[in-house]
Amino acid sequence: MSAGLEVTGLGVQLGRAQVLADVRLAAAPGSWTAVIGPNGAGKSTLLRAVLGVVAHSGSVHWDGVGLDTLPRRDRARRIAYAPQLPVLPEGVTTRDYVALGRTPHRPLLAAPRTADRAVVEETMARLELGALADRVLTTLSGGEQQRAVLARALAQQPQVLLLDEPTAALDLGHAQQVLDLVDRLRRTDGLTVLSTLHDLSLAGQYADRLVLLAAGRVVAEGTPAQVLTPDALRTHYGARASVVAGPDGPAVLPVRD
Ligand SMILES: Nc1ncnc2c1ncn2[C@@H]1O[C@H](COP(=O)(O)OP(=O)(O)OP(=O)(O)O)[C@@H](O)[C@H]1O
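For every chain, the first residue of the written sequence is number 1, and numbering continues from 1 onward in sequence order. Two thresholds apply to this predicted model, a pLDDT of at least 70 for residue-level local features and 80 or more for giving and counting side-chain atom pairs, whereas whole-chain, interface and lining totals are computed over all residues.

An unreviewed UniProt entry annotates the chain as Iron complex transport system ATP-binding protein originating from Klenkia taihuensis.

The next point concerns the sheet that holds strand 10 (residues 217–222). Pairing between strands requires that DSSP locate at least two bridges from one strand to the other. Each helix corresponds to a stretch of at least 4 residues labelled H or I by DSSP, and each strand to a stretch of at least 2 residues labelled E; elements are numbered beginning at the N terminus. Spatial ordering of the open sheet is given by 6-7-8-3-9-10, a layout of six strands whose pairing is mixed. Since the sheet does not close on itself, it has two edges, and those belong to strand 6 (79–82) and strand 10, each with one partner. Adjacent strand axes in the sheet meet at a mean angle of 15 degrees when their direction is disregarded. We call two residues in contact when their backbone-placed C-beta atoms lie within 7 Å. The axes are straight lines fitted to the C-alpha atoms, using for helices just the contacting stretch, and the angles between their N-to-C directions are given from 0 to 180°. Across the face of the sheet, helix 5 (residues 142–155) comes into contact with strand 6 and strand 7 (160–164) while running at roughly 175 degrees to strand 6.

Let us now look at the environment of Met124. Inspection of the secondary structure assignment puts Met124 in helix 4 (residues 114–126). For Met124, a count of 24 C-beta atoms within 10 Å translates into the label buried. Sequence spacing of Met124 and Arg234 is 110 residues, and the spatial spacing of their C-alpha atoms is 41 Å. Not counting residues up to four positions away in its chain, the partners in contact with Met124 are Arg95, Val98, Leu129, Gly130, Ala133 and Ala151. In this scheme the burial state of a residue depends on its C-beta neighbours within 10 Å: 20 or more other such atoms mean buried, 12 or fewer mean exposed, and anything in between means partly exposed; the C-beta positions come from the backbone.

What follows deals with the pairing of strand 2 (residues 17–27). Sheet topology places strand 1 (residues 5–14) next to strand 2; seven bridges connect them, and they run antiparallel. The residue of strand 2 that forms the bridge with Leu10 is Val23. From the end of strand 1 to the start of strand 2, which pair antiparallel, there are two residues, and Gly15 there has a positive phi angle of about 60 degrees.

Here we come to the sheet that holds strand 2. What the four strands build is an open sheet, ordered 2-1-4-5; its pairing is antiparallel. Because the sheet does not close on itself, it has two edges, and the strands there are strand 2 and strand 5 (65–66). For strand 1 and strand 4 (residues 57–62), the ladder comprises five bridges, and the chain directions are antiparallel. By the bridge assignment, Glu6 is partnered in strand 4 with His61. Against the sheet, helix 1 (residues 43–51) engages strand 1, strand 2 and strand 4, with an angle of about 65 degrees to strand 2.

So, about the environment of Arg234. Considering the arrangement of structural elements, one finds Arg234 in helix 9 (residues 230–237). Apart from the residues lying within four places of it in its own chain, the contact partners of Arg234 are Ala239 and Arg240.

Now the structure itself:
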């Protein structure tokens, strides 16, 4: 068993549907793997299975330890998840919401320690949430809420970060700000990132490995330049696109008939 994240033979059945079958992926510590694929391919389900909140066959190991065997609290110190459509609590301030990320690090029922509060303030500052700290979370804009959800996951100080469409509600500037921050964290803290990303150009620029899912199976895997080919986009997305080599990775350009 190698260091990092190792997923083998992962299968998920939801109702009558086989949503994932025989999914295998390996992510080295400090790497960024983006799971891409058309709508309904099983990307979100894969992240939720890795997190351990969806019943699955196969195994998920982090540094050789089966994540499914760990108590919830121990798992939450290793792996954090920022969902695509989070259910946000009513009447909670942004600061208190981000502070929920510290729960796995605090003794049970203990009040937040100074160190926990410092992590919360620092994480909010990094995501430009300082001015929104005392606002009620549900009054924030969609993009602001998305940054708060990411802040909560980062305040957990995990070793593995699962991000489901982290830029979906963000304008281009904020999308780059969030992805740059995640990129910095993986370089400075060795954070291992597994994300879904619909924007293939962003995936090509930020991830070092891509896993292309189609109908619940891995159909291509490798560097962005290996996976993002006009052929693969035609076959698996039914899309017409050209792929342009850029300084930070390939960019995908839709083309009209
Ligand atoms: N509870 C469920 N019962 C049956 N099928 C389900 C259930 N939940 C999800 N599915 C199906 O599983 C498939 C994979 O869903 P998933 O959300 O993982 O896809 P996705 O690749 O993340 O899609 P998108 O890009 O649209 O967000 C879809 O066809 C979805 O309809």
